[in-house]
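Spelled out from the first residue to the last, the chains are:
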Amino acid sequence: MKEVFYEESVDLHNQQSAKPKYMVFTVCGWLSWVLAFLSGINTLIGASGLIAIMISLVLTALMIFSAVFLLTKRHSFYISYDYTFVSDELRISKVLHYRKRKHLYSIGSDRIIQIGRVDSESYKKLKKSPDIKEEILTPNSEAEEDKEFIYIYATTNVGKRLLILECRMQLIANIVRYMNRMVLEPEFNKKQ
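Residues numbered from 1 in each chain as written. Predicted model: local features only at pLDDT ≥ 70, side-chain atom pairs only at ≥ 80, totals over all residues. Heavy atoms only, no water.

> Lay out the environment of phenylalanine 25 with the relevant residues and their values.
Mapped onto the secondary structure, phenylalanine 25 falls in helix 1 (residues 15–45). Linking phenylalanine 25 and valine 183, residues 158 residues apart in sequence, is a C-alpha distance of 44 Å. In contact with phenylalanine 25, not counting residues within four places along its chain, are Leu70, Leu71, Lys73, Arg74 and Phe77. (Helix = DSSP H or I, 4+ residues; strand = E, 2+ residues; numbered from the N terminus. Contact = heavy atoms within 4.5 Å.)

Written as structure tokens, this is what we have:
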């Protein structure tokens, strides 16, 4: 069979809601660094007595921890996902603030059990199952104009997962083309 490469990205639609959160975390993070520096200076110069030094060291450590946490976490408000299908394997990655890519899943076509539309009867049955964990792999609550919310029920390295993607039908067509069996849910082609 011919090699196929298909890639699709899903970006955050409403970046206006992410910007204030990003700014608050940035300002608070840098403020924590300044307070950690001042607390450190106080420990070296002004603290006298063992209890005062210990309290000042604990405050300095807390400020350093909060600064690192806030400045690292601020990028998580700008999340996007990349779905790549390369001849028989679907690769899903999470991208933080267009800078850092984290590979989440590599799913061979032999590990895909079922594909369907979110909110179909098949989806509702799978979601109720206690041994299947749902994982939403899109930053949006509404699909873009030319995309749909699709579920892929698959066996992954961490167990059975119900993966929710926001993608074009072209991605699903490429996946189905490489399958030796029918994986689309029974009601997939019915009008919604």
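Okay, back to it.
> Talk me through the packing of helix 1 against helix 2 (residues 50–73); I want residue IDs and the actual numbers.
Where helix 1 contacts helix 2, the two axes come as close as 8 Å, and the packing angle between them is 160°. It follows that helix 1 is roughly antiparallel to helix 2 by the angle criterion. For the pair helix 1 and helix 2, the crossing hand works out as left-handed. Split into classes, the residues belonging to the contact of helix 1 with helix 2 amount to 15 nonpolar, 10 polar and 1 charged. (Axes fitted to C-alpha atoms, helices over the stretch in contact; angles between N-to-C directions. Parallel < 35°, antiparallel > 145°, perpendicular 65-115°, else oblique. Left-handed = near helix turned anticlockwise from the far one by under 90°. Nonpolar A, V, L, I, M, F, W, Y, C, P; charged D, E, K, R; others polar.)

> So what about helix 1? Which residues, and what values?
The terminal C-alpha atoms of helix 1 lie 45 Å apart, and with 31 residues this matches the ideal 45 Å at 1.5 Å per residue to within 8%. Every buried residue belonging to helix 1 is among Ala18, Tyr22, Thr26, Gly29, Ser32, Ala36, Ser39, Gly40 and Thr43, and all of these are buried. For helix 1, the secondary structure elements touched by its buried residues are helix 2. (Expected span 1.5 Å × (residues − 1). Buried < 20%, exposed > 50% of the residue type's maximum accessible area, 1.4 Å probe, protein only.)

> Can you explain the nonpolar core? Please cite residues and give values.
Judged by nonpolar contacts, the single largest core of 28 residues is most densely connected at Tyr83, Leu90, Ile115, Leu165, Leu171 and Ile175. For this core, the elements supplying multiple residues, two or more each, are strand 1 (5–10), strand 2 (79–86), strand 3 (89–96), strand 4 (100–108), strand 5 (112–117), strand 7 (148–156), strand 8 (159–167) and helix 4 (169–177). It is strand 2 that provides the largest number of residues to this core, a total of 4 residues. Not counting the four nearest positions on each side in its chain, isoleucine 175 is found in contact with Phe85, Leu90, Ile112, Ile115 and Ile152. Core analysis: the next-biggest nonpolar cluster, separate from the first, contains 8 residues, Tyr123, Leu126, Tyr151 and Leu162 among them. (Core = buried A, V, L, I, M, F, W, Y, C linked by side-chain atoms within 4.5 Å.)

> Describe in detail unusual backbone geometry, supporting the description with residues and values.
With a phi close to 25°, serine 87 is a non-glycine residue in the positive phi region. Relative to the elements of secondary structure, serine 87 occurs in the loop between strand 2 and strand 3. Non-glycine residue aspartate 88 carries a positive phi angle of around 90°. With respect to the helices and strands, aspartate 88 occurs in the loop between strand 2 and strand 3.

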